[in-house]
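# Coordinates in review
So the chains spell out like this:
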Amino acid sequence: MADGGRDRELDIRGLTTRYGPVTALDGVSVLARPGEVTAVLGANGAGKTTLLRTVSGLVKGSDGAVLLGGRDLAGAPAETIARAGVAHVPEGRGVITELTVEENLRLGELLGSARRGKADKNERLASVYGMFPPLAQRRRQVANSLSGGERQMLVIGRALLSEPEVLLLDEPSLGLAPRVVAQIFGLIRDLVDRERITVLLVEQNARSALSIADTGFVLNLGRVVASDDAEALAADAELRHAYLGF
Ligand SMILES: Nc1ncnc2c1ncn2[C@@H]1O[C@H](COP(=O)(O)OP(=O)(O)OP(=O)(O)O)[C@@H](O)[C@H]1O
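The written sequence of each chain sets the order in which its residues are numbered from 1. It should be noted that, the model being predicted, local features are given only for residues of pLDDT at least 70 and side-chain atom pairs only at 80 or more, the latter also being counted only at that level, while totals for whole chains, interfaces and linings use all residues.

From N to C terminus, the chain includes 10 helices and 10 strands. In terms of overall size, the chain behaves like a compact globule, its C-alpha atoms giving a radius of gyration of 17 Å where 246 residues would be expected to give roughly 18 Å. Seen through its C-alpha atoms, the chain measures out along the principal axes to roughly 45 × 40 × 35 Å. Whether a residue is buried, exposed or partly exposed is read from the other C-beta atoms within 10 Å of its own C-beta, which are placed from the backbone; 20 or more gives buried, 12 or fewer gives exposed, and intermediate counts give partly exposed. Evaluated residue by residue, the chain yields a buried proportion of 46% over its 246 residues. Counted over contacts in the chain with a minimum sequence separation of 6, partners at least 24 positions apart contribute 71%. For the purposes of this entry, the term helix denotes a DSSP run of H or I that reaches at least four residues, the term strand denotes a run of E that reaches at least two, and both are numbered from the N terminus. For a compact globule the rule gives 2.2 Å times the number of residues to the power 0.38, and the radius of gyration it is set against comes from C-alpha atoms. What counts as a contact is two residues whose backbone-derived C-beta atoms lie within 7 Å of each other.

In structure tokens form, the structure reads like this:
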């Protein structure tokens, strides 16, 4: 794995994305640094999911740059962006319920091993099991038998097997009980502290996201309306009331 630093900095500049007549992102700039959790917050329809989908190449932006370690990936095919080290965990999870936990995880190796050559797959798998013990216990069970929190661990674990420099997480708290949200967010924080990767965390659950984030960007109607240290955002009562819902 690359050694942190600029290689893993995600610098999104002036990104604009349209769906026909709808401008979902209007000149959005977000900087996400290695070893940090950067939260992207805002209400329904603010453009958060579109931001992640544009960064990972699932939708094409019409303007702006997506710099990873200085290399502009804007407009590149999704596969190229994934191979450059950007792993996207979409909202709604995407577990393949008929496969076992381990088979789901192994799917994540496909990109990583191609990118890294002879990466030690078993060591990487063991480290994911170390990070998420419930997955190790259930490795031979079909994913259908997992709880919501375990499924979230599974999709994050699968993304990690591609050895990403940047992890894009779309609403990992969705549908989970508060206790499970706290557990998943704690695991995300530990991961970033240990591996020094770059995490862009999209959340409607602003309070929980800011509790583990270093910095945050608030979107409204496709524009950044505030950005600051996570603590400063959480302390801003006006902002909380207007955009963050707590
Ligand atoms: N496929 C699409 N076609 C047309 N408009 C879309 C499409 N996807 C999103 N939009 C519109 O783009 C805007 C931004 O949506 P987006 O899903 O990115 O917001 P969000 O902040 O992620 O909200 P949510 O939390 O509800 O997913 C909204 O006005 C939405 O209706």
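By nearness alone, every residue bordering the ligand is listed as Tyr 19, Val 22, Ala 24, Gly 42, Asn 44, Gly 45, Ala 46, Gly 47, Lys 48, Thr 49, Thr 50 and Gln 204. Of all the secondary-structure elements, those providing two or more residues to the shell around the ligand are β2 (22-32) and α1 (48-55). If you tally residues by element for the shell around the ligand, the top one is α1, at 3 residues. Polar here means any residue other than Ala, Val, Leu, Ile, Met, Phe, Trp, Tyr, Cys and Pro, which are nonpolar, and Asp, Glu, Lys and Arg, which are charged; Gly is therefore polar. In terms of residue class, the shell around the ligand is made up of 4 nonpolar, 7 polar and 1 charged. Near residues are defined by distance alone, with the backbone-placed C-beta atom required to lie within 6 Å of the molecule or strand.

Turning our attention to the sheet that holds strand β7 (residues 166-170). Sheets are built from strands paired through backbone hydrogen bonds, the pairs being either parallel or antiparallel. Strands pair, by our definition, only if DSSP identifies at least two bridges between them. Taken together, 6 strands build an open sheet; the order of strands is β6-β7-β8-β3-β9-β10 and the sheet is mixed. Each edge of the sheet is formed by a strand with only one pairing partner; in this case those strands are β6 (86-89) and β10 (223-229). If you compare each strand with its neighbour and ignore which way they point, the axes differ by 15° on average. Pairing of strand β3 (residues 37-41) with strand β9 (residues 215-220) involves 4 bridges; the strand directions are parallel. Across the sheet, Leu 41 pairs through a bridge with Val 218, a residue of β9. Lines fitted to the C-alpha atoms define the axes, with helices restricted to the stretch that makes contact. Angles between their N-to-C directions range from 0 to 180 degrees. Relative to β9, helix α10 (residues 237-244) is tilted by about 50°, and along the sheet it contacts β3, β9 and β10.

Further remarks concern the sheet that holds β2. Strand order across the open sheet formed by 4 strands is β2-β1-β4-β5, with antiparallel pairing between neighbours. Edge positions in the sheet fall to β2 and β5 (71-72), since each of these pairs with one other strand and no more. Looking at chain direction, strand β4 (residues 63-68) and β5 are connected through 2 bridges and run antiparallel. Counterpart to Leu 67 in the pairing with β5 is Asp 72. Against the sheet, α1 engages β1 (10-19), β2 and β4, with an angle of about 70° to β2.

The nonpolar side chains of soluble globular proteins are, as a tendency, buried together. A set of buried residues drawn from Ala, Val, Leu, Ile, Met, Phe, Trp, Tyr and Cys, joined through C-beta atoms within 7 Å, is what defines a nonpolar core. By size, the foremost hydrophobic cluster in this structure holds 68 residues, and its most contacted members are Ala 39, Val 40, Leu 168, Val 199, Leu 200 and Leu 201. The greatest single-element share of this core, amounting to 6 residues, is contributed by helix α6 (residues 148-160).

What follows deals with the environment of Val 180. Mapped onto the secondary structure, Val 180 falls in helix α7 (residues 178-195). Residue Val 180 is classed as partly exposed on the basis of its 17 C-beta neighbours within 10 Å. Sequence separation between Val 180 and Glu 150 is 30 residues, and the spatial gap between their C-alpha atoms is 9.2 Å. Dropping the residues within four chain positions of it, Val 180 is found in contact with Gly 148 and Gly 149.

Structurally, Pro 134 can be placed in helix α5 (residues 133-137). For the pair Pro 134 and Gly 149, spaced 15 residues apart in the sequence, the C-alpha separation amounts to 9.8 Å. When neighbours within four sequence positions are excluded, Pro 134 is seen to be in contact with Glu 150 and Met 153.

A positive phi angle, close to 50°, is found at Glu 163, a residue other than glycine. In this structure, Glu 163 sits in the loop between α6 and β7. Owing to 21 C-beta atoms within 10 Å, Glu 163 belongs among the buried residues under this scheme. One non-glycine residue with positive phi stands out, namely Glu 171, at about 50°. Mapped onto the secondary structure, Glu 171 falls in the loop between β7 and α7. For Glu 171, a count of 22 C-beta atoms within 10 Å translates into the label buried.

That's the geometry; what it means functionally is another story.
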